[in-house]
Amino acid sequence: MRRRLPAAGLALGIVLALLAAAPALAAGYRYWSFWDGADGGQWSYATQGPSLSRPADGSVQGFRFAVSKDAAAEAAKPRAAADFEAVCGATAPVESRKRVALVIDFGVQADAPTGEVVPQEAPRTACAQLAPEATTAEALAAVAKPLRYNSAALLCAISGYPQHGCGEQMAETGAAQASAEPSGSAPGRVPSAGLLVGIAAVAFLAAAGVWQSRRRRR
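Owing to the predicted nature of the structure, the values given are computational and were not obtained by experimental measurement.

Another aspect to go through is the packing of aromatic side chains. Evaluated as defined, the whole model comprises six aromatic pairs. Each ring, one from Phe65 and one from Tyr161, has its centre 5.1 Å from the other, and the planes form 70 degrees; the classification is edge-to-face. Here the residue Phe65 occupies a position in strand β3 (residues 59-68), and Tyr161 occupies one in the loop between β7 (155-157) and β8 (168-170), the gap between them amounting to 96 residues. Just as Phe65 is buried, Tyr161 falls in that class too. Ring centres 6.1 Å apart and planes at 70 degrees place the aromatic pair Phe106 and Tyr161 in the edge-to-face group.

For the rest of this paragraph, the subject is helix α3 (residues 136-143). Structurally, the α-helix is built with 3.6 residues per turn, so residues lying three or four positions apart point the same way. Among all positions of α3, only Thr136, Ala137, Ala139 and Leu140 are buried. Axial view of α3: buried residues confined to an arc of 160 degrees, hence all on one face. Where α3 is buried, its residues contact β1 (28-37), β3, β4 (98-105), β5 (124-130), β6 (148-149) and β7.

Our next topic: the state of the cysteines. Joining two cysteines, a disulfide is a covalent bond between their sulfur atoms. Summed over all chains, the structure comprises two disulfides. Put simply, Cys88 and Cys127 are joined by a disulfide, and their sulfur atoms are 2.1 Å apart. Judged by the sign of its S-S torsion, about 110 degrees, the cystine formed by Cys88 and Cys127 is right-handed. Highlighted residues: Cys88 in helix α2 (residues 84-88) and Cys127 in strand β5, separated in sequence by 39 residues. Given a relative accessible area of 0%, Cys88 falls into the buried group. Residue Cys156 pairs covalently with Cys166 via a disulfide, S to S 2.0 Å. Across the S-S bond of Cys156 and Cys166 the torsion is about -75 degrees, and the bridge reads as left-handed.

Thresholds, definitions, all that
Residues numbered from 1 in each chain as written. Predicted model: local features only at pLDDT ≥ 70, side-chain atom pairs only at ≥ 80, totals over all residues. Heavy atoms only, no water. Phe/Tyr/Trp six-rings, centres within 6.5 Å; stacked < 30°, edge-to-face > 60°. Helix = DSSP H or I, 4+ residues; strand = E, 2+ residues; numbered from the N terminus. Buried < 20%, exposed > 50% of the residue type's maximum accessible area, 1.4 Å probe, protein only. Arc of directions from axis to C-beta. Contact = heavy atoms within 4.5 Å. Disulfide = S-S within 2.5 Å.

Any link to function would need more than the numbers given here.
What follows is the structure, given as structure tokens:
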């Protein structure tokens, strides 16, 4: 039994070190998510960016600013229904133009960057009339300037909000890490205290195993 203890302890120490070495799970990103209106006033996570999406006449497009996962099942949705008639019903159709309803949800104050205030608590709606080939980005520019994009064409701000930042990855504590786009790789990290403790535990147990082995040989 005594012979097994050093080996078992060493294995446990290695497991602890590996767990400590794993990067901390991110809670999500602070960013503008993009949504397509679906039947019944529901939202579906857009599969294309607003600069590539070309909505048809009668479409509803939604945007939500929040700290959330960059995934369809976990991202924060706009808090208003995807209802074309509610947004564009009072806008008369024009020949050779299409109508696109936009729902812009600036989110909650808890998700706002430090020092910034949410422009309005309730989602904003607008009806854009555009050329048939116009993109969602053009529809957004028609009703919610100024817009801000980064060098990778990621939408960073709508109507000037937020003033700074773009898709920051958020740690579980809620503090922003180095800027990173949704779906991007996590920035490099220095070794955590847990990692150093795990390494020390492995070294200690390895030394104890060697000492115990020498003691048995005497």
